Amino acid sequence: MDVYTTEEQQVEAIKKWWRDNGKAVVIGAVVGLGALYGWRYFQSQQLANQAQASQQYEQVLSGIESGDTVSLSELEGHEGYRALAALQLAQKHVAQGELDSAQAQLKKAQQAVKDGALYGLVTTRLARVEAELENYSAALNELDKVTAESWTAKVAEIRGDVLLRQGDKQAARDAYAASLAAAESPTVNMKLDNLSQ
């Protein structure tokens, strides 16, 4: 390290360092500040988009509850909200006995959803609607699509319900037993007990 004996030598060394490194310091500061501003702008835009999607979702739910004709196209680009709105609309159709409309909404939701847990929910509901429509093969095929381990017990229970409606008591019994092996459930126990009688 150089030792400067006079103030002039120190000033001259600072000037030389600034000539050699000044541009890099200024460019680094500008780039750093620009990146920081850009990141904050991006985050604020993301929050604004999420808030807008949430508001649109609330409007769609209000429309569903009030019986208005609802279009889910407002939720384009917000697949999670779109899938949840389609689930609500399908639930309303089921309550009104419009199973074909519920089936169509659930298929739209299934295509829109990317989250594994939500996919399991949509697909098991679709399987139940297919079973109500007596499309037993389609219901079982839908259940095969749910591969998340957290859904194992519920899928086996629904499979048992579908198989029982088809008249295959032994296969239903096996499915209920598989459900109980995955997770204890008083409801499934009761269904299994009813088959034993």
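Scoring rules and cut-offs
Per chain, residue numbering runs from 1 following the sequence as it is written. This being a predicted model, a pLDDT of at least 70 is required before a residue's local features are given, and a value of 80 or more before pairs of side-chain atoms are given or counted; all residues contribute to the totals for chains, interfaces and linings. Note: side-chain values were computed over all heavy atoms of the structure, leaving out hydrogens and water. When a carboxyl oxygen of Asp or Glu is within 4 Å of a side-chain nitrogen of Lys or Arg, the pair counts as a salt bridge. Numbering of helices and strands starts at the N terminus; helices are DSSP runs of H or I of at least 4 residues and strands are runs of E of at least 2. A patch is a set of surface residues, each over 30% in relative accessible area and not in a salt bridge, joined within 9 Å for like charges and within 5 Å for the nonpolar side chains Val, Leu, Ile, Met, Phe, Trp and Tyr. The protein chains shown are the only cover counted for residues, whose accessible areas, like all others here, come from Shrake-Rupley with a 1.4 Å probe. What a helix should span is 1.5 Å times the count of its residues minus one. Three exposure classes are used, based on accessible area relative to the maximum for each residue type with a 1.4 Å probe and protein chains only: buried under 20%, partly exposed in between, and exposed over 50%. What qualifies as a polar contact is a pair of N or O atoms within 3.5 Å, subject to a donor-acceptor requirement within protein and to the restriction that residues adjacent in sequence count only when both atoms come from side chains. By the convention used here, residues are in contact when the closest approach between their heavy atoms is within 4.5 Å. Only buried residues count toward a nonpolar core, which is a set of Ala, Val, Leu, Ile, Met, Phe, Trp, Tyr and Cys residues joined through side-chain atoms within 4.5 Å.

(A) Up close: the pattern of salt bridges. Tallied over the entire structure, the rule returns seven salt bridges. As a salt-bridge pair, Glu132 and Arg165 come within 2.7 Å of each other at their nearest N and O atoms. Of this pair, Glu132 sits in helix H4 (residues 116-132) while Arg165 is found in helix H6 (residues 152-166), placing the two residues 33 residues apart along the sequence. Among the ionic pairs, Lys154 bridges to Glu157, the shortest N-O distance being 3.3 Å. Of this pair, Lys154 and Glu157 are both found in helix H6, three residues apart, which corresponds to roughly one turn of the helix. Beyond isolated ion pairs, a larger network of salt bridges with shared partners links Lys154, Glu157, Asp161 and Lys191.

(B) The arrangement of a nonpolar patch on the surface in detail. On the surface, Trp17, Trp18, Val25, Val26 and Val30 cluster together into a nonpolar patch covering about 500 Å² of accessible area. As for its placement among the helices and strands, Trp18 is situated in helix H1 (residues 7-66).

(C) Just H4, in detail. Taking 1.5 Å as the rise per residue, H4 with 17 residues should run 24 Å; its terminal C-alpha atoms sit 24 Å apart, in good agreement. Along H4, the residues classified as buried are Leu118, Gly120, Val122, Thr123, Thr124, Leu126, Ala127, Val129, Glu130 and Ala131. Positioned one or two residues after H4, Glu134 has a phi angle of 65°, which is positive.

(D) Quick look at the side chain of Ser179. By secondary structure assignment, the location of Ser179 is in helix H7 (residues 169-182). Looking at Ser179, the relative accessible area reads 1%, which means it is buried. Only 2.8 Å separates the side chain of Ser179 from the backbone oxygen of Ala153, close enough to count as a polar contact. Apart from residues lying up to four places away in sequence, Ser179 is in contact with Ala153, Ala156, Glu157 and Val188.

(E) The arrangement of unusual backbone geometry in detail. Look at Glu134: it is not a glycine, yet its phi comes out positive at around 65°. For Glu134, the position within the fold is in the loop between H4 and helix H5 (136-145). Residue class for Glu134 comes out exposed when judged on its relative accessible area of 55%.

(F) Inspection of the nonpolar core at higher detail. In this structure, Leu143, Val162 and Tyr176 are the most contacted members of the largest nonpolar core, which totals 19 residues. Those elements giving two or more residues to this core turn out to be H4, H5, H6, H7 and helix H8 (186-196). Core analysis: the second largest hydrophobic core is formed by 12 residues, Leu87, Ala109, Leu118 and Leu126 among them.

(G) Region of the structure containing the environment of Lys191. Positionally, Lys191 belongs in helix H8. In contact with Lys191, other than residues within four places in its own chain, are Glu157, Asp161 and Tyr176.

(H) Just the side chain of Glu157, in detail. For Glu157, a relative accessible area of 7% corresponds to the buried category. Not counting residues within four places of it along the chain, the set of residues in contact with Glu157 comprises Tyr176, Ser179, Thr187, Val188 and Lys191.

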